Amino acid sequence: MTEGFSQAVYRVVMAIPQGYVATYGMVAQLAGRPRTARMVGGVLHRNPQPGVIPCHRVVFRDGSLAPGFAFGGPGEQQALLEQECVRFIAGDDSNAGAAGMRVDLQQCLWDGRMNGSEEQHIE
DNA sequence: TAAATGACAGGCC
DNA sequence: AGGCCTGCCATTT
C-alpha cells in the first residue's frame with residue numbers, strides 16, 4: 001500500500017473535533033509531512049471516505065474553503081461547519097469590510113490537540 | 001522510468 | 001490591501 005501518507009491524513013482529519021477546523025498545511029504537518037498541504041487536498045479528493053472523513057473541517061490557511069470542489073456542494077461544506085457551531089466571518093461586524101465568508105480561524109482553528117481520548121463522538 | 005498534475009502555502013509586486 | 005507567481009512533494013498516467 002503506497003497510501004501510507006493518505007492513511008495518516010485520514011487519521012488526522014478524523015481527529016479534528018467538532019466545532020473546529022484545521023488547515024491543509026496543519027493536517028499535513030500532523031500527518032508527518034509539513035510541506036504537503038497540496039497532497040492533503042489531493043488525498044481527500046481521491047478517496048474521501050463518505051461519513052468517515054469530515055473533509056469539511058479542513059480549510060485553507062485564509063479560512064476559505066475549496067472553491068467548487070466540495071464533496072456535496074460548495075454551500076454544503078459551509079452549512080456543515082455552521083452546523084458544528086463554527087463561527088464565520090462575514091466581514092460585516094467591526095473589522096475590515098468586504099471579505100468573502102471565511103471560517104473564524106481565530107476561534108475555531110484546531111490546536112492539533114486531541115481531547116484525551118483518541119476518538120471523538122459524533123452525534 | 002520520467003513527466004505532469006494538484007482541495008495549498010508563502011512571498012513578492 | 002489585494003492579487004499574482006513560484007515552490008514543495010506525493011500520487012497518477
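Bear in mind that the values here come from a model prediction, so they are computed numbers and not experimental data. (Residues numbered from 1 in each chain as written. Chains lettered and ligands numbered in written order. Predicted model: local features only at pLDDT ≥ 70, side-chain atom pairs only at ≥ 80, totals over all residues. Heavy atoms only, no water.)

### So, the protein's contact with DNA strand B
Reasoning step 1: Taken together, the neighbourhood of DNA strand B is formed by 16 residues, with Met39, Gly41, Leu44, Phe60 and Phe69 sitting nearest.
Reasoning step 2: Among the atoms of DNA strand B close to the protein, meaning within 4 Å, 45% are from sugar or phosphate groups.
Reasoning step 3: A distance of 3.2 Å separates a base nitrogen of DNA strand B from a polar backbone atom of Gly41.
Reasoning step 4: Here a phosphate oxygen of DNA strand B sits 2.9 Å away from a polar atom, N or O, in the main chain of Arg61.
Reasoning step 5: Within the residue set of the surface near DNA strand B, elements represented by two or more residues are helix H2 (24-31) and helix H3 (37-46).
Reasoning step 6: Looking at the surface near DNA strand B element by element, the count peaks at 6 residues for H3.
Reasoning step 7: Residue classes in the surface near DNA strand B are distributed as 10 nonpolar, 4 polar and 2 charged. (Near = heavy atom within 4 Å. Polar contact = N/O pair within 3.5 Å; in protein donor to acceptor, adjacent residues only side chain to side chain. Helix = DSSP H or I, 4+ residues; strand = E, 2+ residues; numbered from the N terminus. Nonpolar A, V, L, I, M, F, W, Y, C, P; charged D, E, K, R; others polar.)

### Here's the deal with the packing of H2 against H3
Reasoning step 1: With their axes 7 Å apart at the nearest point, H2 and H3 run at an angle of 95 degrees to one another. What the angle tells us is that H2 and H3 run roughly perpendicular. Facing Tyr24, Gly25, Val27 and Ala28 of H2, the residues of H3 in contact are Ala37, Val40, Gly41 and Leu44.
Reasoning step 2: Of the residues assigned to the contact of H2 with H3, the class counts are 6 nonpolar, 2 polar and no charged. (Axes fitted to C-alpha atoms, helices over the stretch in contact; angles between N-to-C directions. Parallel < 35°, antiparallel > 145°, perpendicular 65-115°, else oblique. Contact = heavy atoms within 4.5 Å.)

### Quick look at the packing of helix H1 (residues 4-14) against H3
Reasoning step 1: Between H1 and H3, the shortest axis-to-axis distance is 10 Å and the interhelical angle comes to 85 degrees. In terms of axis orientation, H1 runs roughly perpendicular to H3. Here H1 contributes Phe5, Ser6, Val9, Tyr10 and Val13 to the contact with H3, which in turn contributes Met39, Val40, Val43 and Leu44.
Reasoning step 2: When its residues are assigned to classes, the contact of H1 with H3 shows 8 nonpolar, 1 polar and no charged.

### A look at helix H4 (residues 74-83)
Reasoning step 1: Those residues of H4 not exposed but buried are Gln77, Gln78, Leu80 and Leu81. In a view along the axis of H4, the buried residues occupy a sector of 155 degrees, so they form one face of it.
Reasoning step 2: Turning to H4, the residues buried within the fold contact strand E2 (58-59), strand E3 (88-89) and strand E4 (102-103).
Reasoning step 3: Downstream of H4 by a residue or two, Cys85 has a phi angle that is positive, lying close to 75 degrees. (Buried < 20%, exposed > 50% of the residue type's maximum accessible area, 1.4 Å probe, protein only. Arc of directions from axis to C-beta.)

### Topic: the environment of Arg33
Reasoning step 1: Mapped onto the secondary structure, Arg33 falls in the loop between H2 and H3.
Reasoning step 2: Each C-alpha atom of the pair Arg33 and Val9 lies 9.6 Å from the other, and the pair is 24 residues apart in sequence.
Reasoning step 3: Ignoring any residue separated from it by four or fewer positions in sequence, one finds Arg33 in contact with Phe5 and Ala28.

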